[in-house]
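Listed here are the chains, written in short residue letters.
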Amino acid sequence: MAAPETSQFESTETLATFVAATPLLEESWRLCSRANAAAHHGSFAVNIVGQVAYVAFSAVQVVAAAAEEEENLVELENSKGVFSSSFVERGLSKPKVMVHAGILQLFLSFYHNHNFQQQILEISNKSKSIIFTGHSLGGAVASLSTLWLLSHNIQNPVLCITYGSPLLGNEPFSQSILQQRWSGNFCHVVAAPHHILIPKIPFSLSLFDKVSDIIIDDQETKNIYMIGPYWPFGSYMFITENGAICLDNATAIVEFLHLTMTCEGFNRNPNNSCVVVEDDLKYEDYVGKICRRYLGKGKCMDSFSESSSEAGIALALASSGISPQETVYETAKKCLANARQLGWRRNLNNAKMAVSLAKINPCRAQLEWYKSYCDDSDNELGYYDSFKQRGASRRDAKVNMNRIRLGCFWDDFIDKLENNHLTHDFHKLPKYVNASQFYKLLVEPLEIAEYYRKNMHREKGHYIEHGREKRFKIFDKWWRERKVGDEEGKPRSKYASLTQDSCFWARVEEARDGIYRVLGETDMGRRLVLLGKIETFEAYANGMIERKEVSVDVVAKNSSYNLFVEEWRGLKLQMKMIMPPHFPGFQDGMVQ
C-alpha cells in the first residue's frame, strides 16, 4: 500500500530551507571558527547577537584532550548532580543510559570550570535564548552542555547546533532524550558524504549490512541495524554543495548515513581508527552556499512529477547530492518516503488520540458525579473515604472500572509519547496539560484509597515513595512546565472543587500511621523524628485548608483527615502526660 501524500513541511528539503534561511547556521558556524582558532585546552567562545547568546566549543583543543581518554561507553549516572535523575535513571530492568567516556570527561572539565559556570549564568540572565554549538568533538561537548541546562529546567529556551559531531551515546541515551521531549532542541549538521560520525570505531560498511527496506515503526526496525553501540538523537541536517535536507527519525538517519557512505564521493582513510573528514573547510563552504542560495531566489527543479510527494523527495535527494545515476538512488528514495510516512503516522496518531480523549471523557464525568454524590452524602465520609470503604454495589464497581479505564488511556498516551508515535511537544498543548492535571486531581485520590484499602503499604511501603504510578509523576512535570496565568495567583473565596495536592490523602495516611508508630516506639530519638514529621504535616494541612486549596471532602466530619486531627490531639495530650517535666523536646503538647 502506497504511503499517503503528506505535507512536505514535515521534514527533508523544505525544513532545511527554513533553517538555512535563518541566521542560526551562519552565526553558529562563525563562532565555531572563532573557537577553533583559539585552539587551546578549555577554550570556548561566547557571542551575544541581539537577545540570543551563542556558546561555541573548540574542536581542536577537544581533540587533543580526548586522545588520552577511554574509548568505552560509561553510565551517565556516574556524573550525579550534573544531569537530572529523570533523564539518566530508567529502572533496574532497562538498559543503562551510556555515553562516550572521553567526551563525558571533556564536558565535565568545562562543567567544573568556575569561569564557564559564571559565563553561562551571566548569559542566562542577559539573554532570552541560548544556542550551544561546536565543530567535531566540540559539538559533542555542546550537546552535553545543552542536556545539562535542559535537565535543570532553565527558563531560557536552549538549542544545540553541531557540525560534524561524533555520535555520543547508546540507544537508551537517545531514547531518554526522546522521552524527555528534547529531540527538537538538537540540530546536527553533517557534510555528506565527507563525514562519518562514529568516534573511535574502525570503519566498516559491514556495520550497516543489515538495513531494513521499510521504516514504518521504530520498534519494528531498531534492532535490525546499528552503528556499533551508538545511536543518533535529535534532527540531522545533511548538507552538500547542492543543498540540504533534514531528518528526525533515528532509523532513517542511520540508513541515510549508510547510503551517503556508499556514494562515489565518500572517502575514508583505511589506516586510521576513525573515519577522516576530507576537508573541514567544507562546512564553511557549504554553510555559506546554502544560506546565500535560500536567502536568494531559492532552488527549483527542472521538472516535477505529477505527485507532489515524489517531487518533494526528488528535490530532497538532489539537495543531498545523490543523483539518479547513483546505484543507491532508489534505496535513498525509499528511505525518505518511509521517513515521511512515519511523520504522517504521527499526525494520524495525534488525531486518534484527540478522538480517544473525547471518548474517555464520559468516564471522567461519571467520577465527577460520584464525587459530588459522596460529598453530599449523609454519612459525611467524603469522596476519598467513601471509595476506600466502598461495598460491592453496582455503582461502586462502575466507579472502579472507570478509574481503571482512565488509567489505561493515559498510560497509552505516555507510551505513544515515549516511543515517538506522536508529534514533538504534542503533550504541551493546553488541552492535554489541563486534561492530565484534572485527571490527576480527580483520580489519584481513588488510587491512594485503593492502595490503602488493600493494605499495600504494609508490603511495599507508603504510597508516595513506593506506590505512585509513573503517569502521575509525569503529569506533575507537565504542570510545572506550563505557562502560568495571572489568575492562578489569586486567593480563593471558597473550597476548591478538587484538592490541589493530589497526594494529600497519602500524606494523611502516612501521618496517621506515624501516630500509631509513635505509641509503640521506645527509642526517644526515633520518636522525636516521627513527631516532627507529623507536626510538619499538620502545619502543611492547616495551610492548605486556610488557603481553601482542599475540597470539602477533606473537612467532612467522618473523613480520614478529621480522624487524624482527633488522633493527633489525643497523642499530644498523652505525650504531655508521659514526658518527663525536664524534657525540653516536648512542651505544651508540641514538638520544639
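No experiment lies behind these values; they were computed from the predicted model shown.

Caption draft 1: Looking closely at the nonpolar core. Counting 58 residues, the largest nonpolar core has Phe-504, Tyr-561 and Phe-564 as its most contacted members. Elements that contribute at least two residues to this core include exactly helix H13 (329-375), helix H14 (382-388), helix H15 (394-418), helix H16 (430-453), helix H19 (470-480), helix H20 (504-520), helix H21 (524-546) and helix H22 (560-578). The element best represented in this core is H16, accounting for 11 residues.

Caption draft 2: The environment of Pro-491, seen in detail. Mapped onto the secondary structure, Pro-491 falls in the loop between H19 and H20. Its relative accessible area of 80% is what places Pro-491 among the exposed residues.

Caption draft 3: Region of interest: the pairing of strand S7 (residues 186-191). Taken across its six residues, S7 has six buried, putting it largely inside the fold. Neither face of S7 is open: one carries Phe-186, His-188 and Val-190, the other Cys-187, Val-189 and Ala-191, and all of them are buried. Relative to S7, strand S6 (residues 158-163) runs parallel, the two sharing four bridges. Residue pairing in the sheet places Ile-161 in a bridge with Cys-187 of S7. Direction of pairing for S7 relative to strand S8 (residues 235-240): parallel, over a ladder of five bridges. Along S8, the bridge assignment pairs His-188 with Tyr-236.

Caption draft 4: How the structure looks around the sheet that holds S8. Across the sheet, seven strands lie side by side as S1-S2-S5-S6-S7-S8-S9; this open sheet has mixed pairing. What marks the edges here is a single partner per strand, and that holds for strand S1 (44-49) and strand S9 (243-247). When the angles between neighbouring strand axes are averaged without regard to direction, this sheet yields 20°.

Caption draft 5: Fine view of H16. Taking 1.5 Å per residue, 24 residues should reach 34 Å; H16 reaches 34 Å between its end C-alpha atoms and fits that length. In terms of burial, H16 is a largely internal element, 19 of the 24 residues being buried. At the exit of H16 stands Asn-455, carrying a positive phi of roughly 55°.

Caption draft 6: Main features of the packing of H16 against H20. Their axes nearest at 8 Å, the elements H16 and H20 cross at an angle of 30°. The pairing of H16 with H20 is recorded here as roughly parallel in orientation. Residues Pro-445, Ile-448 and Tyr-452 of H16 form the contact with H20, whose own contacting residues are Trp-505, Ala-506 and Glu-509. For the contact of H16 with H20, the residue count by class is five nonpolar, no polar and one charged.

Caption draft 7: The arrangement of the pattern of salt bridges in detail. Summed over the entire model, instances satisfying the criterion amount to 21 salt bridges. Linking Glu-27 and Arg-30 is a salt bridge whose minimum nitrogen-to-oxygen distance equals 3.1 Å. Remark: Arg-30 and Glu-27 occur in helix H2 (residues 24-38); sequence separation between them is three residues, near one turn of the helix. On the basis of relative accessible area, Arg-30 is assigned to the partly exposed category, the value being 49%. A salt bridge links Glu-450 to Arg-390; the shortest N-O distance between them is 2.8 Å. Placement of the pair is Glu-450 in helix H16 and Arg-390 in the loop between H14 and H15, with a sequence separation of 60 residues. Owing to a relative accessible area of 11%, Arg-390 belongs among the buried residues under this scheme. Sharing partners across several salt bridges, the network here consists of Arg-403, Asp-411, Glu-447 and Arg-471.

Reading guide: rules and limits
- Residues numbered from 1 in each chain as written.
- Predicted model: local features only at pLDDT ≥ 70, side-chain atom pairs only at ≥ 80, totals over all residues.
- Heavy atoms only, no water.
- Core = buried A, V, L, I, M, F, W, Y, C linked by side-chain atoms within 4.5 Å.
- Buried < 20%, exposed > 50% of the residue type's maximum accessible area, 1.4 Å probe, protein only.
- Helix = DSSP H or I, 4+ residues; strand = E, 2+ residues; numbered from the N terminus.
- Pairing = 2+ DSSP bridges.
- Axes fitted to C-alpha atoms, helices over the stretch in contact; angles between N-to-C directions.
- Expected span 1.5 Å × (residues − 1).
- Parallel < 35°, antiparallel > 145°, perpendicular 65-115°, else oblique.
- Contact = heavy atoms within 4.5 Å.
- Nonpolar A, V, L, I, M, F, W, Y, C, P; charged D, E, K, R; others polar.
- Salt bridge = Lys/Arg side-chain N within 4 Å of Asp/Glu carboxyl O.

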